[in-house]
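Structural overview for review
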Amino acid sequence: MYLNANKLFTFIFILLGSISWSVVKGQSTLQNALRVEGEVLKPLSLAVEDLKALPDAVIKVKNRDKQKQRYRGVPLHEILKLAGVTQGEQLRGESLAKYVLVSAADGYEVLFSLAETDPMFTQKKIVLAYELNGAPLPSGIGPFRMVVPDEDRQARWIREVRSIRIEFHK
Ligand SMILES: Nc1nc2c(c(=O)[nH]1)N[C@H]1C(S)=C(S)[C@@H](COP(=O)(O)O)O[C@H]1N2
Ligand SMILES: [Mo]
């Protein structure tokens, strides 16, 4: 086939365009993904769509300005189950010294003991929220935020969650 310089340039232009588009797209999916790693059988990288496919929980709370807020998300123990983390009857012995370290985009980190996340141990709810009042969490808060409704002090309500890491304490 006869290929003149014009066609060749058009071809190269489109090729470079699609390469840089997929790089940009790849980066944004990476940024919007939640990593689950460490002492897990199956490390995960989850997008909002993946979390929406899991069982959900709705948490109604009031913010510091007394406004009603309705968070929707996935109970943390459901995410841990998907990753194959020790739970329930298996959560005994040395596994009781495991913890869940949650890290955010700004470097903020909070920690829960693994037993604290387990419905066989406690009624406590820890939910990774992806929705606030029916809309996706805004940037600066989302795409994921931990919500711990029985904790009045909201210091562990970590915004912009990027990773959940399970570890032994030593
Ligand atoms: N990523 C991140 N999450 C965070 C913090 C932070 O500095 N970075 N501060 C925490 C503290 S100390 C509080 S009191 C609440 C405040 O939540 P609000 O901004 O929704 O009022 O967010 C928590 N989550
Ligand atoms: Mo705080």
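Conventions and cut-offs
- Residues numbered from 1 in each chain as written.
- Chains lettered and ligands numbered in written order.
- Predicted model: local features only at pLDDT ≥ 70, side-chain atom pairs only at ≥ 80, totals over all residues.
- Heavy atoms only, no water.
- Helix = DSSP H or I, 4+ residues; strand = E, 2+ residues; numbered from the N terminus.
- Near = heavy atom within 4 Å.
- Polar contact = N/O pair within 3.5 Å; in protein donor to acceptor, adjacent residues only side chain to side chain.
- Areas by Shrake-Rupley, 256 points an atom, 1.4 Å probe, with all protein chains shown as cover.
- 1 Å grid on protein atoms, 1.4 Å probe; cavity = no way out; pocket = protein on both sides within 12 Å on 5 of 7 lines; lining within 4 Å.
- Sits in = over half its atoms within 2 Å of the grid points.
- Nonpolar A, V, L, I, M, F, W, Y, C, P; charged D, E, K, R; others polar.
- Points joined across faces, edges and corners; volume = space filled by probe spheres on them.
- Patch = residues over 30% accessible without salt bridge, like charges linked within 9 Å, V, L, I, M, F, W, Y side chains within 5 Å.
- Salt bridge = Lys/Arg side-chain N within 4 Å of Asp/Glu carboxyl O.
- Lys, Arg positive; Asp, Glu negative; His and termini not counted.
- Charge placed at Lys NZ, Arg CZ, Asp CG, Glu CD.
- Buried < 20%, exposed > 50% of the residue type's maximum accessible area, 1.4 Å probe, protein only.

The next point concerns the environment of F144. With respect to the helices and strands, the residue F144 is situated in the loop between β8 (135–136) and β9 (145–147). Spatially, the C-alpha atoms of F144 and E160 are 5.5 Å apart, while their sequence positions differ by 16 residues.

Here the focus is the site of ligand 1. Taken together, R64, A104, D106, Y108, R145, Q154, A155, W157, I158 and R159 form the complete shell of residues around ligand 1. With respect to ligand 1, the backbone of W157 contributes an N or O atom lying 3.0 Å from a nitrogen atom. Taken by itself ligand 1 offers 540 Å² of open surface, and the protein chains cover 73% of this. Judged by its atoms lying within 2 Å of the grid points, ligand 1 is housed in the largest pocket. In the shell around ligand 1, the residues fall into five nonpolar, one polar and four charged.

What follows is about the layout of surface pockets. Size it by volume and the largest pocket reaches roughly 370 Å³. Lining the largest pocket are 18 residues, with R64, R145, Q154, W157 and R159 sitting closest to its centre. Split by residue class, the lining of the largest pocket holds nine nonpolar, three polar and six charged. What the second largest pocket holds in volume is close to 160 Å³. Contributing to the lining of the second largest pocket are 14 residues, with H77, P119, Q123, K124 and K125 lying nearest its centre.

On the surface, a cluster of positive charge is made up of K60, K62, K66, K68 and R70. Put simply, the parts of the chain that give the positive patch at least two residues each are β3 (57–62) and β4 (68–75). Along the polypeptide, K60 turns up in strand β3. Since its relative accessible area comes to 66%, K60 is described here as exposed.

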